[in-house]
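Structure assessment
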Amino acid sequence: MQYDTIFFDLDHTLWDFETNSKEALSEIASTHQLLNKGIPSLQHFLEEYFVINEKLWEDYRKNIISKETLRYDRFHQALKKFDIDDFELATAIGNDYVSSAPYKTNLFPNAIEVLEYLKGKYTLHIITNGFEETQHLKLRNSKIDHYFDHIITSERSGFKKPDERMFHFSLRHTNAKSENSIMIGDSLEADILGAKSVGINQVYFNPEEKEHNEELTHEVKDLKELIGIL
Ligand SMILES: [Mg+2]
């Protein structure tokens, strides 16, 4: 068999980041009375927040900003979109978010079925740019931690996907060979092109069918399609 090892990304691939964030932020909005402070609706806030969060995560990935800046600045910037310039509020929301979001447990459709199918056939690991403590909490709370032998975070390796060193670290750490491994993830740049750059085959999880011109090993829009591939 060609593969013996599967590396999974976590956020937006298995753990439904957007749904879980929405749940956490809806509770936070009511705790901090955001709708009485000039934000017209939760939906408006989420739309701004998701764009800002995505952009700041990219900056974090490129080592332009720190973890601390990412945690608080995303809320400060989102609040400012509604003319609320309140760093204290942003800090409180940032802290609340970090202590509530990892306890949300929504996974992508068919995640458990697919992990059940794969677990006997392959050794499974996580490679994530997320934070050490947060990612372990998410895996444990959503009850999928037992499927994975190693959880490799960028905090632990010192490198972030798509940096080749993150993948080399992961291969070394798990005793895996690039030619017998496959990477599954939702980020074309971080997961797919990163894996490709070190000779690891890839499955691009692309539920929104985003357009691109890259040559990939496989592309799926539902995790259950993995059963036909692996
Ligand atoms: Mg991801």
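What comes next is a walk through the structure. Because the structure is a prediction, the values reported are computed rather than measured.

Across its full length, the protein holds 10 helices and six strands. Taking 230 residues into account, the globule formula puts the C-alpha radius of gyration at 17 Å, and the protein, at 18 Å, falls close to it. With respect to the three principal axes, the spread of C-alpha positions in the protein is 60 × 35 × 35 Å. Taken over 230 residues, the protein has a buried fraction of 36%. A separation of at least 24 residues holds for 61% of the contacts in the protein among residues at least 6 apart in sequence.

The next subject is the packing of helix H1 (residues 17–31) against helix H4 (residues 87–100). Direction vectors running N to C along H1 and H4 enclose 140°, while the axes themselves pass 10 Å from each other. For the element pair H1 / H4, the angle class is oblique. Viewed along their axes, H1 and H4 form a crossing whose handedness is right-handed. Where H1 abuts H4, its residues Ala24, Glu27, Ile28 and Thr31 lie against Ile93, Asp96, Tyr97 and Ser100.

Within the secondary structure, Lys80 is located in helix H3 (residues 67–80). C-beta crowding within 10 Å serves as the criterion here: with 15 such atoms nearby, Lys80 is assigned to the partly exposed category. Residues Lys80 and Ile184, spaced 104 residues apart in sequence, show a C-alpha to C-alpha distance of 36 Å.

Hydrogen bonding along the main chain pairs the strands of a sheet, whether they run parallel or antiparallel. In spatial order, the strands read S3-S2-S1-S4-S5-S6; together these six strands make up an open sheet with parallel pairing. Strands at the two margins of the open sheet, each flanked by one partner only, are strand S3 (150–153) and strand S6 (218–220). Ignoring strand direction, the axes of neighbouring strands in this sheet form an average angle of 20°. As paired elements, strand S4 (residues 181–185) and strand S5 (residues 201–205) share four bridges and run parallel to each other. Directly across from Gly185, in S5, lies its bridge partner Tyr204. Strand contacts of helix H6 (residues 132–141): strand S2 (123–128) and S3, with the helix running at about 145° to S3, the strand carrying the most contacts.

Here the focus is the nonpolar core. In terms of nonpolar packing, the biggest core is built from 33 residues, with Phe8, Leu14 and Ile184 touching the most fellow members. Among the elements of the structure, strand S1 (5–8), helix H5 (111–119), S2, helix H8 (164–174), S4, helix H9 (188–197) and S5 are those that each provide at least two residues to this core. Residues Leu34, Phe45, Phe75 and Ala101 belong to the second largest nonpolar core, which totals 13 residues.

What follows deals with the pairing of S2. Bridge analysis of S1 against S2 gives four bridges, and the strand direction is parallel. The residue bridging Phe8 from the neighbouring strand is Ile126, located in S2. Relative to S3, S2 runs parallel, the two being bridged by four bridges. Note that in S3 the partner of Thr128 across the bridge is Thr153.

Conventions we followed
Residues numbered from 1 in each chain as written. Predicted model: local features only at pLDDT ≥ 70, side-chain atom pairs only at ≥ 80, totals over all residues. Helix = DSSP H or I, 4+ residues; strand = E, 2+ residues; numbered from the N terminus. Rg over C-alpha atoms; globule rule 2.2 N^0.38 Å. Buried ≥ 20, exposed ≤ 12 C-beta atoms within 10 Å, placed from the backbone. Contact = placed C-beta atoms within 7 Å. Axes fitted to C-alpha atoms, helices over the stretch in contact; angles between N-to-C directions. Parallel < 35°, antiparallel > 145°, perpendicular 65-115°, else oblique. Left-handed = near helix turned anticlockwise from the far one by under 90°. Pairing = 2+ DSSP bridges. Core = buried A, V, L, I, M, F, W, Y, C linked by C-beta atoms within 7 Å.

These results come straight from atomic positions and should not be treated as a statement about function.
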